[in-house]
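Overview (structure and organization)
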Amino acid sequence: MTTIAIVGAGKGLGLAVAERFAREGFAVALVSRNQDRLDELAASLREQGHRAAGFAANVRDGNSLRRALEQATEQLGPIEVLQYSPLPAKEYMRPVLETTAEDLVGPIEFSVYGSVNAVRQVLPGMRAIGHGTILFVNGGSAVRPGARVTGTSVAFAGESAYAQLLHDAVRDEDVHVGQLIIPFGIDDGQDDHSGASIAERLWSIHTERGDFRTYAEPLPE
C-alpha cells in the first residue's frame, strides 16, 4: 500500500481528497499545524475503514515539515502522491501599495520554501518505487496577480514557477507534477465547486497525467 500526503489538510478540500484517494486503496497522511484537528480527521477516515493518521507540522518550518513526512512514510508506507495545498493566512493578502518587503517573507516561506522542502523529502521515495504524483493546488492569483492580494500573488507565482520547472525535470522518471488552479471558492453552494468535485479533478490529474496546469473553471474575464 502506498500513501497520499496532503499538506494543508482540513475538513474541506483536504478531507474530500483524502476520502477520494482512500477509496482507491491509498493510506492517507494528513499534515497541518493542529494535531488535535488532524486526529479528528484521521479518526473519521478510519471509521470509514481507511488507513489514516495525522502529522503536525508548520510549512514555514522546514525541519518540522520534513519530519512529519518522514514519520508518515514510516507509519503508513511510501508516499506515492503529495498534495501541497495549505491555506494562506489572511495577512498575506494586502494591497500592493501597502505591502513591504517584510510582508513578503511569510508568503514566500509558506508557498515556495514549504513546497520545495516537501518535494525534496518525498521525491527520493517516488523514485524508489518508480512513479509518483505531485499536486499543487492554487488560487487564481497564481496565474493572474491581484493588486489586493499581493503576498499570495507573488508567492504563488514563485510556487508555480518551481512546479513548472519540476514538472519538466522529472516527467521522464514517471513522476507527474500537476497544478490545479481554482479561481472560485470551494463549497460555495454550487455542485461543481464542492470539495468532492475538486477532489475528483485531482484524482483525474493523478490518473490521466496530462498537461502541467489544469483549471477547475476558466478564469473570469
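Residues numbered from 1 in each chain as written. Predicted model: local features only at pLDDT ≥ 70, side-chain atom pairs only at ≥ 80, totals over all residues. Heavy atoms only, no water.

- Going by what an unreviewed UniProt entry lists, the protein is known as SDR family NAD(P)-dependent oxidoreductase and is assigned to Curtobacterium aetherium.

Here we look at the layout of surface pockets
- Approximately 1,300 Å³ is the volume attributed to the largest pocket.
- Taken together, 46 residues make up the lining of the largest pocket; nearest its centre are G8, S85, P86, L87 and P88.
- Of all elements in the fold, only helix 1 (13-22), strand 2 (27-32), helix 2 (35-47), strand 5 (132-139) and helix 5 (150-170) reach the threshold of two or more residues within the lining of the largest pocket. (1 Å grid on protein atoms, 1.4 Å probe; cavity = no way out; pocket = protein on both sides within 12 Å on 5 of 7 lines; lining within 4 Å. Points joined across faces, edges and corners; volume = space filled by probe spheres on them. Helix = DSSP H or I, 4+ residues; strand = E, 2+ residues; numbered from the N terminus.)

A look at the packing of helix 4 (residues 105-129) against helix 5
- Across the interface, helix 4 lies against helix 5 with an axial gap of 8 Å and an inter-helix angle of 20°. Put simply, helix 4 runs roughly parallel to helix 5. Classified by chirality, the crossing of helix 5 by helix 4 is right-handed. Facing helix 4, whose interface residues are P107, I108, S111, V112, S115, V116, V119, L123 and R127, helix 5 presents G151, A155, F156, G158, E159, Y162, L166 and V170.
- Here the residues of the contact of helix 4 with helix 5 are counted per class, giving 11 nonpolar, 4 polar and 2 charged. (Axes fitted to C-alpha atoms, helices over the stretch in contact; angles between N-to-C directions. Parallel < 35°, antiparallel > 145°, perpendicular 65-115°, else oblique. Left-handed = near helix turned anticlockwise from the far one by under 90°. Contact = heavy atoms within 4.5 Å. Nonpolar A, V, L, I, M, F, W, Y, C, P; charged D, E, K, R; others polar.)

Observations concerning the packing of aromatic side chains
- By the definition in use, this model includes 4 aromatic pairs.
- When the ring of F21 is compared with that of F26, the centres are 5.5 Å apart and the planes differ by 70°; the resulting orientation is edge-to-face.
- On the numbers, 4.8 Å between centres and 80° between planes, the contact of F21 with W203 is edge-to-face. Highlighted residues: F21 in helix 1 and W203 in helix 6 (residues 195-208), separated in sequence by 182 residues. As far as burial versus exposure is concerned, F21 and W203 are alike and both buried.
- Grouping aromatic residues by their ring pairs yields a cluster made of F21, F26 and W203. (Phe/Tyr/Trp six-rings, centres within 6.5 Å; stacked < 30°, edge-to-face > 60°. Buried < 20%, exposed > 50% of the residue type's maximum accessible area, 1.4 Å probe, protein only.)

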